[in-house]
Amino acid sequence: MAEPIHLPVMVAEVVRAVEPQGRRVLDVTVGLGGHAAALLDAGAALVIGLDRDPEALHLAARRLEAFGDRFEPVRGTFRDLARVVGARRIDAVIADLGVSSLQLDHAQRGFSFRLAGPLDMRMDPEAPTSAASLLASLDEDGLTELLRRGEVGPLARRYARAILAAMPTTTEQLAEVVVEATPPSRRTTRRHPATLVFQALRLAVNDELGQLTALLPAAFEALEVGGVLAVLTYHSLEDRLVKRFFEVAERGGAPRTTPAGSWTSVLERRPRRGVVPSDDEVARNPRARSARLRVARKLAVADLAPAWEREVHEWLALR
Ligand SMILES: C[S@@+](CC[C@H](N)C(=O)[O-])C[C@H]1O[C@@H](n2cnc3c(N)ncnc32)[C@H](O)[C@@H]1O
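Residues numbered from 1 in each chain as written. Predicted model: local features only at pLDDT ≥ 70, side-chain atom pairs only at ≥ 80, totals over all residues. Heavy atoms only, no water.

**Some words on the packing of helix α9 (residues 171–181) against helix α10 (residues 195–205)**
The test is simple: Structural elements are reduced to axes, namely lines fitted to C-alpha atoms, with helices fitted over the stretch in contact, and the angle between N-to-C directions of any two is expressed from 0 to 180 degrees. Helix and strand labels come from DSSP, where a helix needs a run of H or I of at least four residues and a strand needs a run of E of at least two; each type is numbered from the N terminus. Here the word oblique covers every angle except those under 35 degrees (roughly parallel), over 145 (roughly antiparallel) and from 65 to 115 (roughly perpendicular). Note: crossing handedness is left-handed where the near helix turns anticlockwise from the far helix by less than a right angle, and right-handed where it turns clockwise. Any two residues whose heavy atoms approach within 4.5 Å at even a single point are treated as in contact. Note that Gly is not counted as nonpolar here; it falls among the polar residues with everything else outside the nonpolar set of Ala, Val, Leu, Ile, Met, Phe, Trp, Tyr, Cys and Pro and the charged set of Asp, Glu, Lys and Arg.
It is at 9 Å that the axes of α9 and α10 come closest, and there the two elements cross at 130 degrees. Comparing the axis directions of α9 and α10 gives the class oblique. As for how α9 packs across α10, the hand of that crossing is right-handed. Contact with α9, carried on its side by Thr-171, Leu-174, Ala-175 and Val-178, involves Val-197, Phe-198 and Leu-201 of α10 and no other residues of that element. Classifying every residue of the contact of α9 with α10 gives 6 nonpolar, 1 polar and no charged.

Next comes the structure, spelled out in C-alpha coordinates:
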(Lines give C-alpha, C1' and ligand atoms only; values in the text may rest on other atoms or scores of the structure.)
Protein backbone atom coordinates (compact mmCIF):
# COMPACT_ATOMS: atom_id res chain seq x y z
CA MET A 1 0.00 0.00 0.00
CA ALA A 2 1.25 3.52 -0.79
CA GLU A 3 2.47 5.56 2.18
CA PRO A 4 -0.05 8.21 3.28
CA ILE A 5 0.96 11.69 2.16
CA HIS A 6 0.75 14.76 4.36
CA LEU A 7 2.21 17.89 2.78
CA PRO A 8 3.71 19.86 5.67
CA VAL A 9 2.62 23.50 5.84
CA MET A 10 5.06 26.47 5.75
CA VAL A 11 8.10 24.22 6.16
CA ALA A 12 10.62 26.80 4.95
CA GLU A 13 9.19 29.42 7.32
CA VAL A 14 9.31 26.98 10.27
CA VAL A 15 12.93 26.03 9.50
CA ARG A 16 13.88 29.71 9.20
CA ALA A 17 12.21 30.53 12.52
CA VAL A 18 13.84 27.64 14.39
CA GLU A 19 17.37 27.96 12.91
CA PRO A 20 17.82 24.26 13.72
CA GLN A 21 21.58 23.83 13.16
CA GLY A 22 22.91 22.04 16.27
CA ARG A 23 19.68 22.67 18.21
CA ARG A 24 17.42 20.37 20.20
CA VAL A 25 13.85 20.64 19.02
CA LEU A 26 10.61 19.32 20.49
CA ASP A 27 7.99 18.76 17.77
CA VAL A 28 4.79 18.21 19.77
CA THR A 29 2.71 17.30 16.68
CA VAL A 30 5.13 15.16 14.72
CA GLY A 31 2.38 13.57 12.56
CA LEU A 32 4.01 12.02 9.51
CA GLY A 33 7.27 13.79 10.28
CA GLY A 34 7.29 16.42 7.51
CA HIS A 35 8.51 19.30 9.67
CA ALA A 36 10.75 16.99 11.70
CA ALA A 37 12.45 15.73 8.51
CA ALA A 38 13.10 19.29 7.31
CA LEU A 39 14.55 20.29 10.71
CA LEU A 40 16.80 17.22 10.81
CA ASP A 41 17.90 17.81 7.20
CA ALA A 42 18.79 21.37 8.21
CA GLY A 43 21.08 20.10 10.98
CA ALA A 44 18.98 19.80 14.16
CA ALA A 45 20.99 17.89 16.77
CA LEU A 46 17.85 16.19 18.10
CA VAL A 47 14.15 16.19 17.29
CA ILE A 48 11.85 14.72 19.93
CA GLY A 49 8.62 13.92 18.07
CA LEU A 50 5.49 13.73 20.20
CA ASP A 51 2.11 12.51 18.94
CA ARG A 52 -0.98 10.95 20.48
CA ASP A 53 -1.69 8.97 17.28
CA PRO A 54 0.31 5.71 17.37
CA GLU A 55 -0.10 5.10 13.63
CA ALA A 56 1.36 8.53 12.78
CA LEU A 57 4.21 7.95 15.18
CA HIS A 58 4.99 4.58 13.61
CA LEU A 59 5.07 6.10 10.12
CA ALA A 60 7.18 9.06 11.29
CA ALA A 61 9.67 6.72 12.98
CA ARG A 62 9.98 4.69 9.77
CA ARG A 63 10.38 7.78 7.62
CA LEU A 64 13.05 9.26 9.90
CA GLU A 65 14.92 6.00 10.56
CA ALA A 66 17.97 7.23 8.64
CA PHE A 67 18.53 9.98 11.25
CA GLY A 68 19.23 7.32 13.90
CA ASP A 69 19.05 8.57 17.48
CA ARG A 70 18.75 12.20 16.34
CA PHE A 71 15.00 11.43 16.11
CA GLU A 72 13.17 10.28 19.22
CA PRO A 73 9.48 9.36 18.78
CA VAL A 74 7.31 9.60 21.90
CA ARG A 75 3.65 8.73 22.26
CA GLY A 76 1.69 11.15 24.41
CA THR A 77 -0.30 14.36 24.49
CA PHE A 78 0.58 18.00 25.14
CA ARG A 79 -0.19 17.37 28.81
CA ASP A 80 2.79 14.98 28.93
CA LEU A 81 5.26 17.62 27.78
CA ALA A 82 7.02 18.18 31.12
CA ARG A 83 7.48 14.42 31.59
CA VAL A 84 8.79 13.98 28.03
CA VAL A 85 11.32 16.79 28.35
CA GLY A 86 12.46 15.97 31.89
CA ALA A 87 15.66 17.82 32.70
CA ARG A 88 16.73 18.21 29.06
CA ARG A 89 17.66 21.49 27.42
CA ILE A 90 15.20 22.41 24.63
CA ASP A 91 16.03 25.14 22.10
CA ALA A 92 12.78 25.15 20.13
CA VAL A 93 9.24 23.83 20.40
CA ILE A 94 7.11 23.52 17.29
CA ALA A 95 3.38 22.73 17.11
CA ASP A 96 1.45 22.17 13.88
CA LEU A 97 -2.06 22.04 15.30
CA GLY A 98 -5.09 20.06 14.19
CA VAL A 99 -5.36 16.84 12.23
CA SER A 100 -3.06 15.32 9.64
CA SER A 101 -4.07 14.06 6.22
CA LEU A 102 -3.52 10.56 7.60
CA GLN A 103 -6.44 11.21 9.96
CA LEU A 104 -8.61 13.42 7.74
CA ASP A 105 -8.35 11.36 4.55
CA HIS A 106 -8.87 7.97 6.16
CA ALA A 107 -12.61 7.22 6.14
CA GLN A 108 -12.43 4.80 9.07
CA ARG A 109 -11.07 7.55 11.36
CA GLY A 110 -14.39 9.38 10.96
CA PHE A 111 -13.09 12.97 10.76
CA SER A 112 -14.48 13.98 7.39
CA PHE A 113 -18.02 14.66 6.25
CA ARG A 114 -16.81 13.95 2.71
CA LEU A 115 -15.93 10.30 3.47
CA ALA A 116 -18.34 7.63 4.71
CA GLY A 117 -17.16 6.16 7.99
CA PRO A 118 -17.97 5.63 11.66
CA LEU A 119 -18.47 8.82 13.69
CA ASP A 120 -15.17 8.48 15.52
CA MET A 121 -12.79 11.52 15.31
CA ARG A 122 -10.33 10.30 17.94
CA MET A 123 -6.74 11.34 17.21
CA ASP A 124 -5.75 8.53 19.58
CA PRO A 125 -7.88 5.54 18.53
CA GLU A 126 -7.45 4.09 22.03
CA ALA A 127 -8.93 7.16 23.76
CA PRO A 128 -12.17 6.28 25.59
CA THR A 129 -14.62 8.66 23.89
CA SER A 130 -15.48 8.71 20.18
CA ALA A 131 -17.69 11.38 18.61
CA ALA A 132 -20.65 8.95 18.54
CA SER A 133 -20.27 8.06 22.22
CA LEU A 134 -19.86 11.73 23.14
CA LEU A 135 -23.13 12.56 21.34
CA ALA A 136 -24.87 9.71 23.13
CA SER A 137 -23.81 11.17 26.50
CA LEU A 138 -25.15 14.71 25.91
CA ASP A 139 -28.55 16.33 26.34
CA GLU A 140 -29.80 19.22 24.22
CA ASP A 141 -28.28 21.95 26.42
CA GLY A 142 -24.94 20.13 26.60
CA LEU A 143 -24.69 19.65 22.84
CA THR A 144 -25.82 23.23 22.17
CA GLU A 145 -23.07 24.48 24.49
CA LEU A 146 -20.48 22.25 22.78
CA LEU A 147 -21.51 23.60 19.36
CA ARG A 148 -21.53 27.22 20.59
CA ARG A 149 -18.05 26.82 22.05
CA GLY A 150 -16.98 25.48 18.66
CA GLU A 151 -18.39 28.71 17.15
CA VAL A 152 -21.08 26.99 15.11
CA GLY A 153 -23.17 30.15 15.54
CA PRO A 154 -26.88 30.88 15.95
CA LEU A 155 -28.01 27.51 14.56
CA ALA A 156 -26.34 25.62 17.43
CA ARG A 157 -29.56 24.73 19.28
CA ARG A 158 -31.40 23.81 16.12
CA TYR A 159 -28.55 21.49 15.11
CA ALA A 160 -28.35 20.01 18.61
CA ARG A 161 -32.05 19.16 18.56
CA ALA A 162 -31.87 17.59 15.10
CA ILE A 163 -28.71 15.61 15.90
CA LEU A 164 -30.08 14.21 19.16
CA ALA A 165 -33.35 13.25 17.46
CA ALA A 166 -31.48 11.31 14.75
CA MET A 167 -28.55 10.13 16.93
CA PRO A 168 -26.17 9.58 13.98
CA THR A 169 -23.41 6.99 14.26
CA THR A 170 -21.75 7.61 10.88
CA THR A 171 -20.19 10.67 9.24
CA GLU A 172 -22.71 10.51 6.38
CA GLN A 173 -25.67 10.46 8.76
CA LEU A 174 -24.36 13.45 10.74
CA ALA A 175 -23.65 15.46 7.58
CA GLU A 176 -27.15 14.68 6.30
CA VAL A 177 -28.84 15.72 9.55
CA VAL A 178 -26.94 19.03 9.55
CA VAL A 179 -27.75 19.75 5.90
CA GLU A 180 -31.45 19.02 6.50
CA ALA A 181 -31.51 21.23 9.61
CA THR A 182 -29.89 24.16 7.78
CA PRO A 183 -32.51 26.65 6.52
CA PRO A 184 -32.14 27.35 2.77
CA SER A 185 -31.39 31.02 3.55
CA ARG A 186 -28.30 29.88 5.51
CA ARG A 187 -26.86 27.62 2.84
CA THR A 188 -23.86 29.03 1.02
CA THR A 189 -21.71 27.69 -1.78
CA ARG A 190 -18.59 28.79 0.13
CA ARG A 191 -18.75 26.21 2.90
CA HIS A 192 -20.51 22.90 3.48
CA PRO A 193 -23.05 23.41 6.32
CA ALA A 194 -21.49 20.53 8.29
CA THR A 195 -17.97 22.02 8.36
CA LEU A 196 -18.26 23.83 11.69
CA VAL A 197 -20.34 21.09 13.35
CA PHE A 198 -17.67 18.51 12.49
CA GLN A 199 -14.95 20.86 13.70
CA ALA A 200 -16.75 21.60 16.98
CA LEU A 201 -17.22 17.89 17.66
CA ARG A 202 -13.61 17.10 16.78
CA LEU A 203 -12.38 19.86 19.12
CA ALA A 204 -14.46 18.39 21.96
CA VAL A 205 -13.62 14.72 21.32
CA ASN A 206 -9.91 15.50 21.46
CA ASP A 207 -10.14 18.34 24.04
CA GLU A 208 -8.08 20.33 21.55
CA LEU A 209 -8.46 23.75 23.18
CA GLY A 210 -7.81 22.32 26.66
CA GLN A 211 -4.70 20.61 25.30
CA LEU A 212 -3.50 23.82 23.65
CA THR A 213 -4.14 25.77 26.86
CA ALA A 214 -1.91 23.31 28.72
CA LEU A 215 0.73 23.22 25.96
CA LEU A 216 1.61 26.92 25.81
CA PRO A 217 2.94 27.52 29.36
CA ALA A 218 4.54 24.06 29.43
CA ALA A 219 6.38 24.77 26.16
CA PHE A 220 7.52 28.17 27.47
CA GLU A 221 8.78 26.52 30.66
CA ALA A 222 10.69 23.83 28.72
CA LEU A 223 12.54 26.35 26.55
CA GLU A 224 16.00 27.71 27.22
CA VAL A 225 16.21 31.51 27.36
CA GLY A 226 16.64 32.52 23.70
CA GLY A 227 14.63 29.46 22.59
CA VAL A 228 11.88 29.64 19.98
CA LEU A 229 8.22 28.65 20.14
CA ALA A 230 6.60 28.23 16.71
CA VAL A 231 2.90 27.39 16.41
CA LEU A 232 0.91 26.79 13.22
CA THR A 233 -2.79 27.47 13.77
CA TYR A 234 -5.66 26.67 11.38
CA HIS A 235 -8.73 28.39 12.81
CA SER A 236 -9.52 31.46 14.83
CA LEU A 237 -10.21 29.66 18.13
CA GLU A 238 -6.73 28.17 18.36
CA ASP A 239 -5.10 31.23 16.83
CA ARG A 240 -6.68 33.56 19.41
CA LEU A 241 -5.49 31.33 22.26
CA VAL A 242 -1.89 31.38 20.98
CA LYS A 243 -2.03 35.15 20.44
CA ARG A 244 -3.37 35.66 23.96
CA PHE A 245 -0.61 33.54 25.46
CA PHE A 246 2.03 35.50 23.59
CA GLU A 247 0.47 38.74 24.87
CA VAL A 248 0.45 37.49 28.48
CA ALA A 249 4.14 36.57 28.18
CA GLU A 250 4.94 39.87 26.49
CA ARG A 251 3.45 41.62 29.53
CA GLY A 252 5.59 39.37 31.75
CA GLY A 253 2.37 37.97 33.26
CA ALA A 254 1.09 41.42 34.31
CA PRO A 255 -2.70 41.92 34.03
CA ARG A 256 -4.07 43.34 30.77
CA THR A 257 -4.91 46.65 32.50
CA THR A 258 -1.30 47.29 33.58
CA PRO A 259 0.03 50.41 31.80
CA ALA A 260 2.49 49.69 28.99
CA GLY A 261 6.09 50.16 30.04
CA SER A 262 5.58 49.01 33.62
CA TRP A 263 6.26 45.33 32.90
CA THR A 264 9.24 43.29 31.75
CA SER A 265 8.55 41.14 28.70
CA VAL A 266 9.63 37.51 28.93
CA LEU A 267 8.83 36.76 25.29
CA GLU A 268 9.16 38.58 21.99
CA ARG A 269 6.89 37.94 18.97
CA ARG A 270 8.63 37.74 15.61
CA PRO A 271 6.89 39.11 13.62
CA ARG A 272 4.09 40.52 15.78
CA ARG A 273 1.12 39.29 13.78
CA GLY A 274 2.66 36.03 12.60
CA VAL A 275 2.96 35.00 8.97
CA VAL A 276 0.61 33.35 6.49
CA PRO A 277 1.52 31.04 3.60
CA SER A 278 2.33 32.35 0.14
CA ASP A 279 -0.30 32.18 -2.63
CA ASP A 280 1.89 29.59 -4.32
CA GLU A 281 1.82 27.32 -1.31
CA VAL A 282 -1.96 27.64 -0.93
CA ALA A 283 -2.36 26.73 -4.62
CA ARG A 284 -0.15 23.65 -4.14
CA ASN A 285 -1.58 22.64 -0.75
CA PRO A 286 -5.16 23.74 0.00
CA ARG A 287 -4.75 22.64 3.65
CA ALA A 288 -2.42 25.64 4.08
CA ARG A 289 -5.22 28.08 3.21
CA SER A 290 -6.20 28.98 6.76
CA ALA A 291 -2.75 28.58 8.34
CA ARG A 292 -0.96 31.23 10.40
CA LEU A 293 2.50 30.72 11.82
CA ARG A 294 3.07 32.46 15.15
CA VAL A 295 6.64 32.58 16.38
CA ALA A 296 8.10 33.95 19.60
CA ARG A 297 11.45 33.94 21.37
CA LYS A 298 11.79 33.42 25.12
CA LEU A 299 13.60 36.35 26.73
CA ALA A 300 13.66 35.34 30.40
CA VAL A 301 12.57 32.68 32.86
CA ALA A 302 9.15 33.32 34.43
CA ASP A 303 6.28 31.42 36.00
CA LEU A 304 3.41 32.36 33.69
CA ALA A 305 0.99 29.69 34.95
CA PRO A 306 -1.07 31.93 37.33
CA ALA A 307 -1.37 34.78 34.80
CA TRP A 308 -2.28 32.34 32.02
CA GLU A 309 -4.91 30.64 34.18
CA ARG A 310 -6.47 34.06 34.88
CA GLU A 311 -6.42 34.98 31.19
CA VAL A 312 -8.03 31.69 30.10
CA HIS A 313 -10.68 32.04 32.79
CA GLU A 314 -11.57 35.53 31.50
CA TRP A 315 -11.55 34.33 27.90
CA LEU A 316 -13.89 31.41 28.65
CA ALA A 317 -16.25 33.73 30.54
CA LEU A 318 -16.50 35.97 27.45
CA ARG A 319 -17.35 33.13 25.06
C1 LIG B 1 -1.27 18.74 11.43
S2 LIG B 1 -0.67 17.22 12.00
C3 LIG B 1 1.07 17.43 12.04
C4 LIG B 1 1.74 17.11 10.76
C5 LIG B 1 3.24 17.16 10.83
N6 LIG B 1 3.72 18.48 11.15
C7 LIG B 1 3.87 16.67 9.54
O8 LIG B 1 4.60 17.44 8.91
O9 LIG B 1 3.63 15.53 9.15
C10 LIG B 1 -1.06 17.26 13.69
C11 LIG B 1 -0.63 16.02 14.45
O12 LIG B 1 -0.63 16.38 15.83
C13 LIG B 1 -1.21 15.38 16.59
N14 LIG B 1 -1.81 16.04 17.75
C15 LIG B 1 -2.78 16.98 17.75
N16 LIG B 1 -3.07 17.36 19.00
C17 LIG B 1 -2.25 16.65 19.81
C18 LIG B 1 -2.07 16.61 21.22
N19 LIG B 1 -2.81 17.36 22.04
N20 LIG B 1 -1.13 15.78 21.72
C21 LIG B 1 -0.37 15.02 20.88
N22 LIG B 1 -0.50 15.00 19.54
C23 LIG B 1 -1.44 15.81 19.01
C24 LIG B 1 -2.22 14.71 15.68
O25 LIG B 1 -2.45 13.37 16.07
C26 LIG B 1 -1.55 14.83 14.31
O27 LIG B 1 -0.81 13.67 14.02
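**What to know about the UniProt feature "binding site: S-adenosyl-L-methionine" (unreviewed entry) in the protein**
Using the following cut-off: UniProt positions are given in the numbering used here, feature names are shortened, and annotations may be inferred rather than shown by experiment. Any residue under 20% of the maximum accessible area for its type is buried, any over 50% is exposed, and the rest in between are partly exposed; the area is computed with a 1.4 Å probe on protein chains only.
When the UniProt feature table is mapped to this numbering, "binding site: S-adenosyl-L-methionine" (unreviewed entry) covers Gly-33, Gly-34, His-35, Asp-51, Phe-78, Asp-96 and Gln-103. Mapped onto the elements of the fold, Gly-33 is located in the loop between β1 (24–27) and α2 (34–41). Contact partners of Gly-33, with chain neighbours within four places excluded, come to Ala-60, Arg-63 and Leu-64. Relative to the helices and strands, His-35 resides in helix α2. Judged by relative accessible area, His-35 falls into the buried class, the value being 6%. Not counting the four nearest positions on each side in its chain, His-35 is found in contact with Pro-8, Val-9, Val-11, Val-14, Asp-27, Ile-94, Asp-96 and Leu-232.

**Considerations on the pairing of strand β4 (residues 90–96)**
Our working definition: Strand pairing is defined by DSSP finding a minimum of two bridges between the two strands.
In terms of burial, β4 is a largely internal element, 7 of the 7 residues being buried. Both β1 and β4 contribute to a ladder of 3 bridges, which runs parallel. Each residue of the ladder has a partner; that of Asp-27, found in β4, is Ile-94.

**Some points on the domain arrangement of the protein**
Put simply, the rule is: As annotated, the domain borders come from an automatic or database domain assignment. Simply put, the buried area is the total loss of 1.4 Å probe accessible area from both parts when two parts are fitted together. Here, a salt bridge means any side-chain nitrogen of Lys or Arg that lies within 4 Å of a carboxyl oxygen of Asp or Glu. Whenever a nitrogen or oxygen atom comes within 3.5 Å of another N or O atom, the pair is scored as a polar contact, on the condition that within protein one atom can donate a hydrogen and the other can accept it, and that pairs from neighbouring residues in sequence are kept only if both atoms are in side chains.
Domain boundaries in the protein define domain 1 (11–97 + 208–318) and domain 2 (111–205). Placing a centre on the C-alpha atoms of domain 1 and another on those of domain 2 gives a separation of 29 Å. Each side of the interface is counted separately: domain 1 has 10 residues, and domain 2 has 10 residues. Buried area between domain 1 and domain 2, summed over both chains or domains, comes out near 970 Å², and the portion from carbon and sulfur atoms is 45%. Area buried by domain 1 at its contact with domain 2 is led by Arg-52, Glu-208 and Leu-237, which between them contribute 51% of it. Between the two partners, domain 1 and domain 2, sit 4 salt bridges. Scanning the region where domain 1 abuts domain 2 turns up 5 residue pairs in polar contact (both at pLDDT 80 or more). Per element, the largest residue contribution to the side of domain 1 that touches domain 2 is 3 residues, and it comes from helix α12 (residues 236–250).

**Points about the nonpolar core**
Worth spelling out the cut-off: Here, nonpolar core means buried Ala, Val, Leu, Ile, Met, Phe, Trp, Tyr and Cys residues that are tied together by side-chain atoms lying within 4.5 Å of each other.
The biggest cluster of nonpolar side chains holds 40 residues, and the ones touching the most others in it are Leu-26, Val-28, Leu-81, Val-93 and Leu-215. Mapped by element, the contributors of at least two residues to this core are β2 (46–51), α4 (81–85), β4, α11 (208–222), β5 (223–233), α12 and α14 (305–318). The contacts of Leu-81, once residues within four sequence positions are left out, are Leu-26, Val-28, Leu-215, Ala-218, Ala-219 and Ala-222. Counting residues in hydrophobic clusters, the runner-up holds 31 residues, among them Leu-155, Ala-156, Val-178 and Ala-194.

**Quick notes on the packing of aromatic side chains**
Operational definition: Whether two aromatic rings pair depends on their centres lying within 6.5 Å, for rings of Phe, Tyr and Trp, where Trp uses its six-membered ring; planes under 30 degrees apart make the pair stacked, over 60 edge-to-face, and the rest tilted.
On inspection of all chains with the given rule, the structure shows 3 aromatic pairs. Aromatic pair Phe-113 and Phe-198: ring centres 5.4 Å apart, planes at 75 degrees, arrangement edge-to-face. Note that Phe-113 is positioned in the loop between α5 (101–104) and α6 (131–136) and Phe-198 in helix α10, a separation of 85 residues in sequence. With a relative accessible area of 17%, Phe-113 lands in the buried category.

**A closer look at the site of the ligand**
The line we're drawing: It suffices for a single heavy atom of a residue to lie within 4 Å of a molecule or strand for the residue to be listed as near it. For the accessible areas, the method is Shrake-Rupley and the probe is 1.4 Å, while residue cover comes only from the protein chains on display.
Taken together, 25 residues lie around the ligand, and His-35, Asp-51, Asp-96, Gln-103 and Gln-211 are the ones closest in. Asp-51 is positioned such that a nitrogen or oxygen atom in its side chain is 2.7 Å from an oxygen atom of the ligand. At 3.3 Å, a backbone N or O of Phe-78 approaches a nitrogen atom of the ligand. Compared with its free state, where it exposes 600 Å², the ligand has 99% of that area covered by protein. Residues belonging to the shell around the ligand are distributed by class as follows: 8 nonpolar, 12 polar and 5 charged.

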